[in-house]
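Residue-level structure breakdown
Listed here are the chains, written in short residue letters.
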2 protein chains.
Amino acid sequence: MKLGRMNHLGYAVPDIDAAITHYKEVMGASVVTEPFDMPEQGVKVCFVHTPGENGTEGTQVELLSPLSEASPVTGFLAKNPLGGQHHVCFEVPDIAEAREYFEGVGKRILGPTRIGAHGTPIFFVHPKDMMGMLTEIMETPKGAH
Amino acid sequence: MKLGRMNHLGYAVPDIDAAITHYKEVMGASVVTEPFDMPEQGVKVCFVHTPGENGTEGTQVELLSPLSEASPVTGFLAKNPLGGQHHVCFEVPDIAEAREYFEGVGKRILGPTRIGAHGTPIFFVHPKDMMGMLTEIMETPKGAH
């Protein structure tokens, strides 16, 4: 395993439109994607682009808001009503190899490998096995970087 | 204000040596800086480098552990005993201009501008004014990027 690019910081917010306004108007973000629903995850999501070095794409902020009371983000926001970091996402070249690796080192994986918000396969590793950090592992989109 | 590079994700951990081992041995980080004490902040810190696009430097993970019971990180870890995201840091070209900007838009700044772990001036903005995210604003090191 070689540490990959930090693709995004998943950030739960109670009101995604207010958070988009904050990032655009206060923080000066120039690119924020249109929010879309991911009903199977129970969330509405969008991505705030941040600049990397030398004109590259930096780590994005993924804004997440709950689609319903049953959303996994609802419980998180009950504990963090203003919003807060929900997960961090690192890229890997091959999702199947990465899953085998994390299983091999005894890390608990949460659910099946599935298609994430960037359209590539992802899985989550349990925060209790990751220094308290809910960690998303995401296959790098083909053609990226 | 134009959104700058996400310099680092500040991550509080109860045991910095265990966290370094985790990042090196489980996550495969190849560069982790030597931990050093910042007694005026009450923390021991080190930086995990992550790769950006096209061979650039990515957003770092700053590991923070408390130097004493009086550390501001001690209270955070009492609520997040495994560890958790403490703050996020964005770069600006000029710290004095940025401070004036955040004050001008009514954001509460926590304490004076001071020298941060990267040796450049920084200040923190109150999470209650920043969608729940304790936000460090850091002047880009001269010659960087």
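Residues numbered from 1 in each chain as written. Chains lettered and ligands numbered in written order. Predicted model: local features only at pLDDT ≥ 70, side-chain atom pairs only at ≥ 80, totals over all residues. Heavy atoms only, no water.

**Side note on the overall build of chain A**
Note the threshold: Working definition: helices are DSSP H or I runs of at least four residues, strands are E runs of at least two. Numbering for both runs from the N terminus. Just to be clear, the radius of gyration here is over C-alpha atoms, and the globule rule we use is 2.2 Å times residues to the power 0.38. Burial classes: relative accessible area under 20% of the type maximum marks a residue as buried, over 50% as exposed, and values in between as partly exposed (1.4 Å probe, protein chains only). It only takes one pair of heavy atoms within 4.5 Å for two residues to be counted as in contact. The method behind every accessible area is Shrake-Rupley, applied with a 1.4 Å probe, and residues are considered shielded solely by the protein chains displayed. Only four residue types enter the charge count: Lys and Arg as positive, Asp and Glu as negative, with His and the chain ends excluded. Here the site of a charge means NZ on Lys, CZ on Arg, CG on Asp, or CD on Glu.
For chain A, the helix and strand inventory stands at 3 helices and 8 strands. Along chain A, helices and strands appear, N-terminal first, in the series β-α-β-β-β-α-β-α-β-β-β. Expected size for 145 residues packed as a compact globule is a radius of gyration near 15 Å; at 15 Å, chain A falls within 12% of this value. In terms of overall dimensions, chain A has C-alpha extents of about 45 × 40 × 25 Å along its principal axes. Expressed as a percentage of its 145 residues, the buried residues of chain A come to 54%. Restricting the contact set of chain A to residue pairs at least 6 apart, pairs at least 24 apart contribute 54%. As presented, chain A carries roughly 6,400 Å² of accessible surface, and 54% of it is formed by carbon and sulfur atoms. With 11 positive and 18 negative side-chain charges, chain A shows a spacing of 6 Å between the two charge centroids.

**What to know about the sheet that holds strand S8 (residues 135-139) of chain B**
Residues and elements named next belong to chain B. The condition that has to hold: Pairing between two strands is assigned when DSSP locates at least 2 bridges connecting them. Working convention: axes come from line fits to C-alpha atoms, limited for helices to the stretch in contact. Angles between N-to-C directions cover 0 to 180 degrees.
Ordered in space as S2-S3-S4-S1-S5-S8-S7-S6, the 8 strands form an open sheet in which the pairing is mixed. Looking at the sheet topology across the chains shown, the edges are occupied by strand S2 (36-38) and strand S6 (109-115). Between one strand axis and the next, the sheet turns through 25° on average, direction left out of account. Inspection of the sheet shows S2 paired to strand S3 (residues 43-48) by 3 bridges, in the antiparallel sense. What sits directly across from Met38, in S3, is Val43. Contacts from helix H1 (residues 16-26) reach S3 and strand S4 (60-66), with the element oriented near 155° to S4.

**Re the interface of chain B and chain A**
Quick reminder of the rule: The term buried area denotes the loss of accessible surface (1.4 Å probe radius) that occurs when two parts are joined, taken as the sum for both partners. Here a polar contact means two N or O atoms within 3.5 Å. Within protein one must be a hydrogen donor candidate and the other an acceptor candidate, and residues neighboring in sequence count only if both atoms are side-chain atoms.
Listed per partner, the contact involves 47 residues of chain B and 46 residues of chain A. Ranking the residues of chain B by area buried against chain A places Leu3, Met27 and Met131 of chain B at the top, with a combined share of 20%. Counting across the chain B and chain A interface gives 17 residue pairs in polar contact (both at pLDDT 80 or more). Looking at the side of chain B that touches chain A, the element that brings in the most residues is H1 of chain B, giving 6 residues.

**A short note on the pattern of salt bridges**
Residue and element names in this part refer to chain B. Note the cut-off: The salt bridge criterion pairs a side-chain nitrogen of Lys or Arg with a carboxyl oxygen of Asp or Glu, the two atoms within 4 Å.
One pass over the structure, following the stated rule, counts 10 salt bridges over all chains. One salt bridge in this structure joins Glu139 and Lys142, with 3.5 Å as the shortest N-O distance. Assessed through its relative accessible area of 70%, Lys142 is described here as exposed.

**Brief notes about the UniProt feature "domain: VOC" (unreviewed entry) in chain A**
For clarity, the cut-off: UniProt positions are given in the numbering used here, feature names are shortened, and annotations may be inferred rather than shown by experiment.
UniProt annotation of "domain: VOC" (unreviewed entry) refers to residues 5-140 of chain A when read in the numbering used here. Helix makes up 21% of residues 5-140 of chain A and strand 36%. Its end C-alpha atoms lie 9 Å apart.

**What about the side chain of Thr50 of chain A?**
Inspection of the secondary structure puts Thr50 of chain A in the loop between strand S3 (43-48) and strand S4 (60-66). What makes Thr50 of chain A buried here is its relative accessible area of 3%. With residues up to four places along the chain from it excluded, the contact list for Thr50 of chain A reads Glu57, Gly58 and Thr59 of chain A together with Leu3, Gly4, Met6 and Phe90 of chain B.

**With respect to the relation of the copies chain B and chain A**
This is how the line gets drawn: For the least-squares superposition of copies, only C-alpha atoms count, and only for residues with pLDDT at least 70 in both.
With an RMSD of 0.0 Å, the fit of chain B onto chain A corresponds to turning through 180° and sliding 0.0 Å along the axis. Expressed as an axis order, the relation between the two copies is that of a two-fold axis. By residue overlap, the copies meet face to face through one surface: 98% of the interface positions of chain B are interface positions in chain A.

**Details of the environment of Pro35 of chain B**
Residues and elements named next belong to chain B. Here Pro35 shows up in the loop between H1 and S2. Along the primary structure Pro35 and Leu63 are separated by 28 residues, whereas in three dimensions their C-alpha atoms are 8.7 Å apart. Setting aside chain neighbours within four positions, we find Pro35 in contact with Ile16, Ile20, Lys44, Val45 and Cys46.

**Quick look at the sheet that holds strand S7 (residues 121-125) of chain A**
Adjacent strands of a sheet form backbone hydrogen bonds with each other and so pair up, either parallel or antiparallel. Residues and elements named next belong to chain A. A sheet is described by the order of its strands in space; here 8 strands give the open sequence S2-S3-S4-S1-S5-S8-S7-S6, paired in mixed fashion. A strand with exactly one partner marks an edge of an open sheet, and here the two such strands are strand S2 (36-38) and strand S6 (109-115). On average, each strand axis in the sheet is inclined to that of its neighbour by 25°, with strand direction left out of account. Its contacts with the sheet place helix H1 (residues 16-26) against S3 and S4, and it is angled at close to 155° to S4.

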